[in-house]
Amino acid sequence: MLKLDTIDAPVPSRRAFLTGAAAGAVLLAFRLDLKGARAAEGSDALSKAPTQPNAFVRIATDDTVTVMIKHLDMGQGNTTGLATILADELDADWSQMRVAFAPADAKLYANLLMGPVQGTGGSTAIANSWFQLRKAGAAARAMLVAAAAEKWGVPAGEITVAKGVISHKSGKQARFGAFAEAAAAKPVPQEPRLKTPAEWTLIGGRVPRIDSVAKTDGTAIYSLDIRRPGQVTAVVAHPPRFGATVKAVDAEAAQGMPGVVGIVTIPTGVAVIARDTWSAMKAREALKVTWDDAAAETRSSDAILAEYRETARTPGLVASQAGDADAGIKGAAKVLEAEFAFPYLAHAAMEPLNATIERAADGSYDVYAGCQIQTVEQAVLAATLGVTNDKVRLHTQWAGGSFGRRATPGADYFAEAAAIVKAWDGKAPVHLVWTREDDMAGGYYRPQVYHTVKAGLDAKGQITGWRHAMVGKSIMIGSPFEAMLVKNGIDSTTVEGASDTPYALPAYRFEVHNAREGVPVLWWRSVGHTHTAHVMEVFIDELAHAAGADPVAYRLSLLTRAPRLSGVLRLAAEKSGWSQKPSEKGRGLGVAVHESFGSYVAMVADVTAGDSTAKVNRIVAAVDVGVAVNPDNVRAQVEGAVGFALSAVLRNRITLKDGVVQERNFDSYQPTRISEMPQVEVHIVPSDVAPTGIGEPGVPVLAPAIANAVFAATGQRLRSLPLDLSSLRGA
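Residues numbered from 1 in each chain as written. Predicted model: local features only at pLDDT ≥ 70, side-chain atom pairs only at ≥ 80, totals over all residues. Heavy atoms only, no water.

## As for the pattern of salt bridges
Inspection of every chain in the model, using the stated rule, returns 36 salt bridges. The salt bridge involving Asp 632 is made with Arg 206; its shortest N-O contact spans 3.2 Å. Placement of the pair is Asp 632 in helix H21 (residues 631-650) and Arg 206 in the loop between helix H7 (176-184) and helix H8 (212-217), with a sequence separation of 426 residues. Residue classification places Arg 206 among the exposed residues on the basis of a relative accessible area of 68%. With its nearest N and O atoms 3.2 Å apart, the salt bridge here joins Asp 293 to Arg 241. Of the two residues, Asp 293 is situated in the loop between strand E12 (288-292) and helix H11 (301-311) and Arg 241 in the loop between strand E8 (232-237) and strand E9 (245-250); the sequence distance between them amounts to 52 residues. (Salt bridge = Lys/Arg side-chain N within 4 Å of Asp/Glu carboxyl O. Helix = DSSP H or I, 4+ residues; strand = E, 2+ residues; numbered from the N terminus. Buried < 20%, exposed > 50% of the residue type's maximum accessible area, 1.4 Å probe, protein only.)

## Examining helix H19 (residues 551-558)
Burial within H19 is extensive, with six of its eight residues counted as buried. By the burial criterion, the buried members of H19 are Pro 551, Val 552, Tyr 554, Arg 555, Leu 556 and Leu 558. Contacts made by the buried residues of H19 are with strand E19 (449-457), strand E20 (463-472), helix H18 (529-546), helix H20 (563-576), strand E24 (587-596) and helix H22 (702-714). The opening residue of H19, the one whose side-chain oxygen lies 3.0 Å from the backbone nitrogen of Val 552, is Asp 550. (Contact = heavy atoms within 4.5 Å. Polar contact = N/O pair within 3.5 Å; in protein donor to acceptor, adjacent residues only side chain to side chain.)

## Points about the environment of Lys 135
Its place among the elements puts Lys 135 in helix H6 (residues 125-152). For Lys 135, a relative accessible area of 4% puts it in the buried group. Apart from the residues within four sequence positions on either side, Lys 135 is in contact with Ser 47, Lys 48, Ala 49, Thr 51, Gln 190, Glu 191, Pro 192 and Leu 194.

## A word on the sheet that holds strand E14 (residues 334-342)
Across a sheet, strands are paired by hydrogen bonds formed along the backbone, either parallel or antiparallel in direction. On the basis of which strands lie adjacent, the open sheet formed by five strands has the order E13-E23-E20-E19-E14 and mixed pairing. Single-partner strands in this sheet number two, and they are strand E13 (317-322) and E14. When the angles between neighbouring strand axes are averaged without regard to direction, this sheet yields 10°. Relative to strand E23 (residues 508-514), E13 is paired through five bridges, and the arrangement is antiparallel. Bridge pairing in E23 places Val 318 opposite Glu 511. Strand contacts of H18: E14, E19, E20 and E23, with the helix running at about 155° to E14, the strand carrying the most contacts. (Pairing = 2+ DSSP bridges. Axes fitted to C-alpha atoms, helices over the stretch in contact; angles between N-to-C directions.)

## Describing the pairing of strand E4 (residues 97-101)
The side chains of a regular strand alternate, residue by residue, between the two faces of the sheet. As paired strands, strand E3 (residues 65-69) and E4 are joined by five bridges and run parallel to one another. The residue of E4 that forms the bridge with Met 68 is Ala 100. With helix H4 (residues 78-90) bridging E3 and its parallel neighbour E4, the resulting β-α-β unit is right-handed. (Right-handed = clockwise from strand over helix to strand, strands pointing away.)

## Quick look at the sheet that holds E3
Pairing is mixed in the open sheet, where three strands are placed in the order E2-E3-E4. Single-partner strands in this sheet number two, and they are strand E2 (57-59) and E4. Taken pair by pair, the neighbouring strands of this sheet meet at an average axis angle of 25°, ignoring direction. Sheet strands touched by H4: E2, E3 and E4. Its angle to E3, the strand with the most contacts, is close to 130°.

## Some words on unusual backbone geometry
Cis geometry is found at the peptide bond from Leu 721 to Pro 722, where omega equals -10°. Summarising the element assignment, Pro 722 is placed in the segment after H22. Non-glycine residue Asp 63 carries a positive phi angle of around 85°. Summarising the element assignment, Asp 63 is placed in the loop between E2 and E3. On the basis of relative accessible area, Asp 63 is assigned to the buried category, the value being 12%. Backbone geometry places Asp 611, a non-glycine residue, at a positive phi of 50°.

## Remarks on the side chain of Glu 537
As for its placement among the helices and strands, Glu 537 is situated in helix H18. Side-chain polar atoms of Glu 537 contact the side chain of Arg 555, separated by 2.8 Å. Ignoring sequence-local partners within four residues, the contact set of Glu 537 consists of Tyr 503, Arg 555, Ala 592, Val 593, Pro 704 and Asn 708.

## A word on the packing of aromatic side chains
Throughout the structure, instances matching the rule amount to eleven aromatic pairs. Arranged with centres 5.1 Å apart and planes meeting at 80°, the rings of Phe 101 and Trp 398 form a pair that is edge-to-face. Here Trp 398 lies in the loop between strand E17 (392-396) and helix H14 (412-423) and Phe 101 lies in strand E4, a separation of 297 residues in the sequence. The burial state of Phe 101 is the same as that of Trp 398; both residues are buried. Taken together, Phe 242, Tyr 344 and Tyr 445 form an aromatic cluster joined through their ring pairs. Its end group placed over the ring of Trp 524, Arg 446 keeps NZ or CZ at 5.8 Å from the ring centre. Geometry around Phe 711 places Arg 717 over its ring, the cationic atom sitting 3.9 Å from the centre. (Phe/Tyr/Trp six-rings, centres within 6.5 Å; stacked < 30°, edge-to-face > 60°. Lys NZ or Arg CZ within 6 Å of the ring centre and 35° of its normal.)

## Some remarks on the confidence of the model for the protein chain
Looking at the protein chain as a whole, its pLDDT mean stands at 93, while 94% of the residues score no less than 70. Note that pLDDT drops below 50 for residues 36-42; the model gives that stretch 23 contacts with residues more than four away or on any other chain. (pLDDT = per-residue confidence, 0-100.)

## Considerations on the nonpolar core
The biggest cluster of nonpolar side chains holds 160 residues, and the ones touching the most others in it are Trp 466, Leu 543, Met 603 and Ile 706. Counting residues per element, this core draws most heavily on H21, which supplies ten residues. In this view, Leu 543 contacts Leu 336, Ala 455, Leu 457, Ile 463, Trp 466 and Tyr 554; residues no more than four positions away in its chain are not counted. One finds Ile 126, Leu 133, Ala 148 and Phe 176 within the second-largest nonpolar core, a separate group that totals 54 residues. (Core = buried A, V, L, I, M, F, W, Y, C linked by side-chain atoms within 4.5 Å.)

Okay, here's the thing in structure tokens:
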């Protein structure tokens with residue numbers, strides 16, 4: 001019998017439910033020290049991690065080597081990088097390498113840069129695993145050698161290993177599988193000898209991506225592909241305005257539609273459960289839901305931005321300061337001012353959010369999803385389902401993108417799936433599916449942000465003072481991590497990339513205003529750097545031109561304490577032919593340089609612009625990521641960052657009208673098209689420093705490099721994003 005289940009108690013708002021569940025379930029000493037812990041090769045946080053070969057490597061008798069991957073791979077290729085690190089120290093042959101996603105277990109698989117949390121983010125996968133996997137591979141190799149030495153009756157020092165083959169000078173040879181069982185019984189060496197860079201055979205070279213074949217022939221399983229026995233599909237009617245709640249539901253028309261097996265009211269809306277996705281979607285259309293907008297966000301995005309402008313005129317919280325910025329500006333020979341506005345942005349990953357929950361006979365649960373912060377997700381699921389954490393088993397799947405959206409502090413779509421399972425009395429596995437429209441209008445955007453900047457120059461063009469204010473909604477305030485990541489009201493994810501600028505400013509003051517609004521916000525690929533890098537690099541460019549200086553030389557004069565930034569800037573300038581400016585009318589070069597997530601990136605953009613158009617012809621990038629474990633993947637990530645960010649430079653924004661999101665699919669929120677994609681060249685700085693990350697650092701520098709090139713081509717400054725190309729005139 002079909003039932004319409006409702007919740008008798010007042011239904012809390014969507015956001016309050018999610019953060020409340022997470023806050024009650026997750027008490028974590030969460031930290032994200034991206035600059036400190038991974039900066040030095042001798043860091044205690046990384047190099048002294050325990051040697052755990054049994055946690056990370058599985059050597060089977062068929063000679064395959066499986067690396068347990070503790071991070072989510074959402075297309076960035078970390079499975080290849082992590083497998084490369086271990087395989088090199090193990091001296092395995094690349095053809096025998098396999099990967100599997102690790103279960104949720106923070107004791108074994110914590111992200112060493114996040115504290116006792118298993119998760120992926122902040123471009124930390126390679127950085128936090130570098131020593132851990134090298135030690136695991138080296139220890140496993142030593143155990144194999146010990147087993148072979150015992151079997152053959154020879155000294156371990158006489159045994160060599162290369163490309164998966166264990167050899168002795170007597171001519172005895174065996175592959176790993178022959179000694180897999182015997183090696184597993186050997187003691188684990190706690191300080192195995194690690195290779196020197198000169199001994200690496202895979203690290204720094206070219207290997208095929210480990211996921212390419214499966215993703216090409218369709219055998220790779222994404223969470224959207226999961227089909228459990230008897231599985232049903234759930235879709236949810238969400239309120240059109242953030243903060244609204246269900247007031248009344250008329251489900252009569254939907255109840256009798258083919259395939260429908262359940263309709264339940266949950267804290268985030270009304271869920272329709274059916275035998276297939278199409279039936280669930282059609283039944284959802286037949287629902288008549290009355291929404292209570294009493295606590296909803298009803299303003300337009302333009303109205304919110306107008307409030308930001310007013311707020312920016314008032315004193316804010318001081319994020320950082322040195323000297324007397326106001327006095328420096330007051331005594332300047334020339335003063336420049338600028339304002340920058342940035343819209344809300346959707347993550348718009350190719351695979352919309354989804355998750356499958358299956359209840360076992362013993363009351364435990366199996367969950368299949370693209371799990372990005374497993375510790376949080378497991379805890380939120382357990383709290384929502386009313387069980388202990390050990391009763392929730394996460395099965396991480398390949399993910400078709402994320403760009404930060406899957407990593408919500410409250411594990412929102414996991415909580416929603418669990419709420420459906422709890423409210424519905426059916427026994428079948430439930431697959432929650434968000435459509436593209438659900439995903440686009442479902443909340444959690446890159447925050448809308450407004451900046452004002454004022455700086456003074458002396459008679460020689462040197463900066464005398466810098467005053468900078470930012471207004472935007474904090475990502476961390478109101479989340480379960482506020483107590484750990486917000487200090488004195490300052491959310492580092494809002495001001496990063498500006499308040500900690502590497503430029504040698506003699507006097508500065510960076511202020512921030514934490515806006516209050518109902519639009520849910522979240523980290524978007526490269527987080528605060530998405531807007532701070534643009535402001536810093538466009539305004540520095542303006543100062544350079546006002547001083548009559550070359551933009552590259554001007555930056556270098558301010559980066560005397562930042563040798564790695566200076567290095568990528570010089571390299572990008574050299575490779576782009578910066579000294580030979582384009583002679584073609586309406587064509588210009590623009591430059592930008594920025595550090596984020598411990599990595600250093602410079603870009604030079606070659607742009608043709610004028611008469612309401614701009615064409616990005618070429619991007620030349622230089623990157624310093626320490627040791628480039630997979631150089632080809634480093635290049636691919638920068639190329640992908642260009643493609644990802646370009647649409648945000650040229651057109652994309654999420655807008656609200658009366659609190660309702662207007663962009664709902666790719667017709668109104670268009671990704672970068674092939675015809676728009678420029679030629680991209682990526683040059684990698686050779687390094688022996690421990691690796692950092694590259695998943696995000698390619699994004700921040702693209703927009704300012706293009707904006708500065710537009711100025712060089714037309715003489716017109718376009719500061720805000722997306723660039724207002726309609727205002728461009730011919731050069």
